[in-house]
Amino acid sequence: DVKVTQSSRYLVKRTGEKVFLECVQDMDHENMFWYRQDPGLGLRLIYFSYDVKMKEKGDIPEGYSVSREKKERFSLILESASTNQTSMYLCASYPGQRVDGYTFGSGTRLTVV
Amino acid sequence: SQQGEEDPQALSIQEGENATMNCSYKTSINNLQWYRQNSGRGLVHLILIRSNEREKHSGRLRVTLDTSKKSSSLLITASRAADTASYFCATVGGGGYNKLIFGAGTRLAVHP
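The rules behind each value
- Residues numbered from 1 in each chain as written.
- Chains lettered and ligands numbered in written order.
- Predicted model: local features only at pLDDT ≥ 70, side-chain atom pairs only at ≥ 80, totals over all residues.
- Heavy atoms only, no water.
- Contact = heavy atoms within 4.5 Å.
- Buried area = accessible area lost by both parts, 1.4 Å probe.
- Salt bridge = Lys/Arg side-chain N within 4 Å of Asp/Glu carboxyl O.
- Polar contact = N/O pair within 3.5 Å; in protein donor to acceptor, adjacent residues only side chain to side chain.
- Helix = DSSP H or I, 4+ residues; strand = E, 2+ residues; numbered from the N terminus.
- Nonpolar A, V, L, I, M, F, W, Y, C, P; charged D, E, K, R; others polar.
- Core = buried A, V, L, I, M, F, W, Y, C linked by side-chain atoms within 4.5 Å.
- Buried < 20%, exposed > 50% of the residue type's maximum accessible area, 1.4 Å probe, protein only.
- Phe/Tyr/Trp six-rings, centres within 6.5 Å; stacked < 30°, edge-to-face > 60°.
- Lys NZ or Arg CZ within 6 Å of the ring centre and 35° of its normal.
- Disulfide = S-S within 2.5 Å.

**Student:** Please set out the interface of chain B and chain A residue by residue, giving values where relevant.
**Tutor:** Of the residues lining the interface, 22 residues belong to chain B; the matching set on chain A comes to 25 residues. Of the roughly 1,900 Å² buried at the junction of chain B and chain A (both faces included), carbon and sulfur atoms supply 52%. In this assembly, chain B and chain A are joined by zero salt bridges. Counting across the chain B and chain A interface gives four residue pairs in polar contact (both at pLDDT 80 or more). Secondary structure elements with two or more residues in the side of chain B that touches chain A: strand S4 (31-37), strand S5 (43-50) and strand S10 (100-102) of chain B. The element best represented in the side of chain B that touches chain A is S5 of chain B, accounting for four residues. A per-class count over the side of chain B that touches chain A returns nine nonpolar, nine polar and four charged.

In structure tokens form, the structure reads like this:
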């Protein structure tokens, strides 16, 4: 069964800390995505990557960066965490063809205090 | 930016009833997908309908797409308590990269 694994289910960080959220997929998918989910706003795309070392900004990239050094791993980085980055973060992957939908991880609920 | 809106925001029904959720979007699309999310978990893909299709079925799910009105609907027939979840529509545009743009979702509660 295909899997997208997010390293932490719950995370509490302090304002100003550098935060790394890790996502690993075991399906050899080219495309990987980071979303944040907030009540009433649905899922908003932060960054995505369509190949190793390639990245594209989504709709809300400010305050975030990403890294994709290996095909299976896509990291989201909060350079200096702020309280307005408290949210649920969801990682997803997609092969680009032959498959209908994305595969999502279980999410990381990040609280910045 | 969100692609569109789901309607209603919340829906409460009894087991055995049908549940209908609607989704509107703003720009032209390549396909539209529906996802389900159980409380606090990741999303699970339910069904995809392409821009040249008008209706699609999968088990108890029926999806329609009206590209002239930029809208879609998801019908769950004979609902069960286990269908309680949030449901999201998401669109893929024609610009490549297979980016999914989501709506805000509909919270469905099915009571035994």
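Structure shown, so let's carry the discussion forward.
**Student:** Break down the nonpolar core for me, with residues and values.
**Tutor:** Taken as a class, soluble globular proteins show a tendency for nonpolar side chains to be buried jointly. Counting residues in hydrophobic clusters, the biggest one holds 21 residues, and the most contacted among them are Trp34, Ile46, Leu76, Leu78 and Tyr89 of chain A. Of all the secondary-structure elements, those providing two or more residues to this core are strand S3 (19-25), strand S4 (31-38), strand S5 (42-49), strand S7 (64-70), strand S8 (73-78), strand S9 (87-94) and strand S11 (108-112) of chain A. Excluding residues that lie within four positions of it along the chain, Leu78 of chain A makes contacts with Glu17, Lys18, Val19, Gly63, Tyr64, Gln85, Tyr89 and Leu110 of chain A. Listed in part, the 20 residues of the second largest apolar core include Ile13, Tyr25, Leu32 and Cys89 of chain B.

**Student:** An account of the environment of Thr64 of chain B is requested, with residue identities and associated values reported.
**Tutor:** All names here are of chain B. Here Thr64 shows up in strand S7 (residues 61-66). As a C-alpha pair, Thr64 and Asp83 span 19 residues in sequence and 19 Å in three-dimensional space. Polar side-chain contacts of Thr64 include one of 2.6 Å to the side chain of Ser73.

**Student:** Requested: an account of unusual backbone geometry, with residues and values cited.
**Tutor:** A cis geometry characterises the amide bond from Asp7 of chain B onward to Pro8 of chain B, with omega recorded as 0°. Counting through the fold element by element, Pro8 of chain B comes out in the loop between strand S1 (4-7) and strand S2 (10-14). Residues other than glycine seldom take positive phi values, yet Asp28 of chain A does so here, at roughly 60°. Residue Asp28 of chain A is classed as exposed on the basis of its relative accessible area, which comes to 53%. Residue Lys53 of chain A is not a glycine yet carries a positive backbone phi of 65°. A relative accessible area of 56% means that Lys53 of chain A is categorised as exposed.

**Student:** So, the packing of aromatic side chains: which residues are in play, and what are the values?
**Tutor:** Evaluated as defined, the whole model comprises 12 aromatic pairs over all chains. Consider the rings of Tyr35 of chain A and Phe102 of chain B, whose centres lie 5.4 Å apart with planes at 90°: the pair is edge-to-face. Of the two residues, Tyr35 of chain A is situated in strand S4 and Phe102 of chain B in strand S10; the pairing between them involves two chains. Just as Tyr35 of chain A is buried, Phe102 of chain B falls in that class too. Counting every residue linked through ring pairs, the aromatic cluster contains Phe33, Tyr35, Phe48, Tyr94, Tyr102 and Phe104 of chain A together with Tyr35, Phe88 and Phe102 of chain B. Arg9 of chain A extends its terminal NZ or CZ atom over the ring of Tyr10 of chain A, reaching a point 5.4 Å from the ring centre.

**Student:** Hey, could you go over the state of the cysteines for me, with residue numbers and the actual values?
**Tutor:** Using the criterion set out here, one finds two disulfides over all chains in the structure. Between Cys23 of chain A and Cys91 of chain A runs a disulfide, and the two sulfur atoms are separated by 1.9 Å. On the S-S bond that ties Cys23 of chain A to Cys91 of chain A, the torsion sits near -75°, and the link is left-handed. Note that Cys23 of chain A is positioned in strand S3 and Cys91 of chain A in strand S9, a separation of 68 residues in sequence. The pair Cys23 of chain A / Cys91 of chain A is uniform in exposure class, with both members buried. The side chain of Cys23 of chain B participates in a disulfide bridge whose partner is Cys89 of chain B; the two sulfur atoms lie 1.9 Å from each other. On the sign convention where negative means left-handed, the S-S torsion of about 65° between Cys23 of chain B and Cys89 of chain B marks this disulfide as right-handed. Taken together, the residues Cys23 of chain B in strand S3 (residues 19-25) and Cys89 of chain B in strand S9 (residues 85-92) connect sequence positions 66 residues apart. Given the relative accessible area of 3%, Cys23 of chain B is considered buried.

Everything listed here is a matter of geometry and, on its own, says nothing about what the molecule does.
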